[in-house]
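# Structure assessment
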Amino acid sequence: ATFLALALSACATAAPAPESAFFARLSTLCGQSFAGRVVSTDAVDAAIASETLVMNVRDCSAGEIRIPFNVGDNRSRTWVITRTDSGLRLKHDHRHEDGSEDALTQYGGDTVDAGSALRQQFPADAFSKAMFTRNNSLAAVDNVWAMEIEPGAVFAYELSRPNRLFRVEFDLS
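Residues numbered from 1 in each chain as written. Predicted model: local features only at pLDDT ≥ 70, side-chain atom pairs only at ≥ 80, totals over all residues. Heavy atoms only, no water.

When helices and strands are tallied, the protein shows four helices and eleven strands. Its C-alpha atoms put the protein at 65 × 35 × 30 Å along the principal axes. Counting every position in the protein, which comprises 173 residues, the buried fraction comes to 38%. Within the protein, residue pairs in contact and separated by at least 24 positions form 40% of the contacts whose partners lie at least 6 positions apart. Carbon and sulfur atoms make up 53% of the accessible area of the protein, which amounts to about 9300 Å² in all. Where the 16 positive side-chain charges of the protein centre and where its 22 negative ones centre are 1 Å apart. (Helix = DSSP H or I, 4+ residues; strand = E, 2+ residues; numbered from the N terminus. Buried < 20%, exposed > 50% of the residue type's maximum accessible area, 1.4 Å probe, protein only. Contact = heavy atoms within 4.5 Å. Areas by Shrake-Rupley, 256 points an atom, 1.4 Å probe, with all protein chains shown as cover. Lys, Arg positive; Asp, Glu negative; His and termini not counted. Charge placed at Lys NZ, Arg CZ, Asp CG, Glu CD.)

Quick look at the state of the cysteines now. A full pass over the atoms with the stated rule returns one disulfide. Across a sulfur-sulfur distance of 2.1 Å, cysteine 30 and cysteine 60 are joined as a disulfide pair. Here the S-S torsion is close to 110 degrees, and the disulfide linking cysteine 30 with cysteine 60 is therefore right-handed. Placement of the pair is cysteine 30 in the loop between helix H2 (18-27) and strand S1 (33-38) and cysteine 60 in strand S3 (residues 58-60), with a sequence separation of 30 residues. According to the relative accessible area criterion, cysteine 60 is partly exposed, its value standing at 30%. (Disulfide = S-S within 2.5 Å.)

So, on to H2. All buried positions along H2 are accounted for by Glu19, Ala21, Phe22, Phe23 and Leu26. In this structure, the buried side of H2 is in contact with strand S4 (64-71), strand S5 (74-83), strand S6 (88-94), strand S8 (119-123), strand S9 (144-150) and strand S10 (154-161).

Its volume calculated, the largest pocket comes out at about 530 Å³. Lining the largest pocket are 21 residues, with His94, Tyr107, Tyr157, Leu159 and Arg164 positioned closest to its centre. Elements with a contribution of two residues or more to the lining of the largest pocket: S5, S6, S10 and strand S11 (164-171). Counting residues per element, the lining of the largest pocket draws most heavily on S10, at three residues. Of the residues belonging to the lining of the largest pocket, the class tally is twelve nonpolar, four polar and five charged. (1 Å grid on protein atoms, 1.4 Å probe; cavity = no way out; pocket = protein on both sides within 12 Å on 5 of 7 lines; lining within 4 Å. Points joined across faces, edges and corners; volume = space filled by probe spheres on them. Nonpolar A, V, L, I, M, F, W, Y, C, P; charged D, E, K, R; others polar.)

The subject of this paragraph is the environment of serine 86. With respect to the helices, strands and loops of the structure, serine 86 is situated in the loop between S5 and S6. Assessed through its relative accessible area of 57%, serine 86 is described here as exposed. C-alpha separation for the pair serine 86 and leucine 172, spaced 86 residues apart in sequence, amounts to 28 Å.

To continue, consider the side chain of lysine 91. Relative to the elements of secondary structure, lysine 91 occurs in strand S6. Side-chain polar atoms of lysine 91 contact the backbone oxygen of glutamine 106, separated by 3.1 Å. Polar contacts involving the side chain of lysine 91 include one to the side chain of aspartate 125, which spans 2.8 Å. Setting aside its immediate chain neighbours within four residues, lysine 91 contacts Thr78, Trp79, Val80, Gln106, Tyr107, Gly108, Asp125, Phe127 and Ser128. (Polar contact = N/O pair within 3.5 Å; in protein donor to acceptor, adjacent residues only side chain to side chain.)

With that settled, the discussion passes to the pattern of salt bridges. For the structure on display, the rule yields 14 salt bridges. The shortest N-O distance in the salt bridge between arginine 164 and aspartate 42 comes to 3.1 Å. Residue arginine 164 is found in strand S11, and its partner aspartate 42 is found in the loop between S1 and helix H3 (46-49); the two are separated by 122 residues along the sequence. Between glutamate 148 and arginine 119 there is a salt bridge; the shortest N-O distance is 2.3 Å. Note that glutamate 148 is positioned in strand S9 and arginine 119 in strand S8, a separation of 29 residues in sequence. Shared partners join several salt bridges into a network, and the residues in it are Glu64, Arg66, Asp93, Arg95 and Glu101. (Salt bridge = Lys/Arg side-chain N within 4 Å of Asp/Glu carboxyl O.)

Encoded structure:
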């Protein structure tokens, strides 16, 4: 009985689930903007790497964080991180200047495991795979997006798939 009581009390004081800890860390950045730079070396990213990259952590609630990602003067991209019953969801909200949705928008995926307080991965979901297929972006069906946060140091956004890696790091210091 003593062992059971100790085991149950240990559960009551357990650390938050990794995805909750990650979301909490991201929430601490709300209201702030950070400059970033492309750190991957894929030649296809030369144009974006030459632009000023800024993420703006805003519109934060207990269940959702919206992060506009500006590439130079292009303000069409927003990362949307949402809590789900089983983890976290990442969606990419792409809009035209008039506010209408781009043909490629609302793609992303859900975490498939707990990840860690430092890193969460989001494999492409069924909606995204179908959209990429309809829009003849077949390589993108294998996309896995990741976000990392090391408080006070770096936030990273990453896209990977076979033969492709794109990574931007933002200075949190």
